[in-house]
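Architecture and fold: a report
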Amino acid sequence: MKTLYFTVTNDLTYDQRMIRICGSLARAGYKVHLVGRKKVSSVPLRKEGFQQKRLFCFFQKGKFFYLEYNLRLFFYLLFKKYDALCAIDLDTIGPLFLLKLLRRKPLVYDAHEYFTEVPELVDRPFTKSIWEWLAQRTIPKLQNCYTVGPQLFEERYGAHFQVIRNVPLQKQEKEGPAPITPPIKAGDQILLYQGALNVGRGLECCLEAMTLLPDHIKLWLVGEGDLSQALRKETKRLQLDKRVHFLGFRQPIELPAITQQAHLGLNLLENKGLSYYYSLANKCFDYIQAGLPAIHMDFPEYRALNQEYPAFLLLHYLDANLLATTIQGILRDAKTYQRMQETCREAALAWNWENEEQFLLEFYDAIF
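Read on for an overview of the structure. Everything numeric here is computed off the predicted structure, so don't read it as measured data.

Here we look at the overall build of the chain
- Across its full length, the chain holds 15 helices and 13 strands.
- The C-alpha atoms of the chain give a radius of gyration of 21 Å, which matches the 21 Å a tight globule of 368 residues would have.
- For the chain, restricting intrachain contacts to residue pairs at least 6 apart in sequence, the fraction spanning at least 24 positions comes to 69%.
- As displayed, the chain has an accessible area near 17,400 Å², and 54% of this comes from carbon and sulfur atoms.
- Taking the average location of the 46 positive side-chain charges in the chain and that of its 40 negative ones, the two points are 7 Å from each other.

Put into structure tokens, the structure is as follows:
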């Protein structure tokens, strides 16, 4: 039995993507360990079919967090027995690359995003240059890499990347009580955003658009992030308290039931860096699996998907007036809305983890 260690810098509780990946490999016979961080606010981990470990750091954010976490990660793994390591994104690749040199074991790179092109780094050239220096000295030396969209990675680093998309399970787990959500009155129409409340997600534009929409249209924001408090303050300033609801962090098992109550999904990334422009967000496929029409930005990956299955609307530029007009247009056009729902159901049969995981298993089987 081959032993694999996967490393992330987030709290494992809400990481649907890694739970799916590790679960699939564990069911295929691998001994899987997922290592993440433990926050002061962390809740107990849900039992999974693989081992989970969270490392506590005194520093909770910034450069000192990354330095401390990477040091702890290095010494934690130094004396572990394993057959391969997998770095999830650039922020854990440093210690794993050193271990690759020391132990001569395979190192896999799972690029969930273009780390050096995220909005948080675009306007910080010095910090960005440090991460790019690390990327240039590690990624080109790796033989086992995968991502959702390989073009830029292969052009920039010369390494071959296999495509493994982050799509949800078609057969969602339904155990446990129904999640608590805001009450829905007759005639209400729910806009849903699920994901991190961070810079570059178009959330400020969403709030502005809400001031242009009728009162029966509500907005649910599922998740937390760097903008959590600022968005709550802005909601109060705009007097949207009764129409914009912050649902906070939710367990992955709760999300399908929440998504199925919505009428329209939102994924409005701003064009701030190549990471967002070439992204393929988890929520895109989550909406599809729930049969939920959605609005996405007219970026390459979403445009390509929509050509295959026209299940969502594409916004050419981010503007509150355009967004409000687009939302009202699709919610009022019952015929088009129903056709998009039907297309979602067709796409869900193709874009699901039951189909995608075979590529993941073939990738790891080929390593050994």
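Having seen the structure, we can now continue with the description.
A look at the environment of T127
- Within the fold, T127 resides in helix α5 (residues 125-138).
- Judged by its relative accessible area of 21%, T127 is partly exposed.
- The spacing of T127 and K283 is 156 residues in sequence and 29 Å in space, taken between C-alpha atoms.

Description of the sheet that holds strand β7 (residues 162-163)
- The strand order β3-β2-β1-β4-β5-β6-β7 describes an open sheet built from 7 strands, whose pairing is parallel. On the outer flanks of this sheet lie β3 (51-56) and β7, each paired with one strand and no other.
- As judged from the 6 bridges shared by strand β2 (residues 31-38) and β3, these two strands associate in the parallel manner. Within the sheet, the bridge partner assigned to G36 lies in β3 and is R54.
- Against the sheet, helix α3 (residues 93-103) engages β1 (3-7), β4 (84-88) and β5 (107-111), with an angle of about 160° to β4.
- Strands in contact with helix α15 (residues 353-367) are β1, β4, β5, β6 (144-147) and β7; relative to β6, the strand with the most contacts, it is inclined by about 170°.

Conventions used here
Residues numbered from 1 in each chain as written. Predicted model: local features only at pLDDT ≥ 70, side-chain atom pairs only at ≥ 80, totals over all residues. Heavy atoms only, no water. Helix = DSSP H or I, 4+ residues; strand = E, 2+ residues; numbered from the N terminus. Rg over C-alpha atoms; globule rule 2.2 N^0.38 Å. Contact = heavy atoms within 4.5 Å. Areas by Shrake-Rupley, 256 points an atom, 1.4 Å probe, with all protein chains shown as cover. Lys, Arg positive; Asp, Glu negative; His and termini not counted. Charge placed at Lys NZ, Arg CZ, Asp CG, Glu CD. Buried < 20%, exposed > 50% of the residue type's maximum accessible area, 1.4 Å probe, protein only. Pairing = 2+ DSSP bridges. Axes fitted to C-alpha atoms, helices over the stretch in contact; angles between N-to-C directions.

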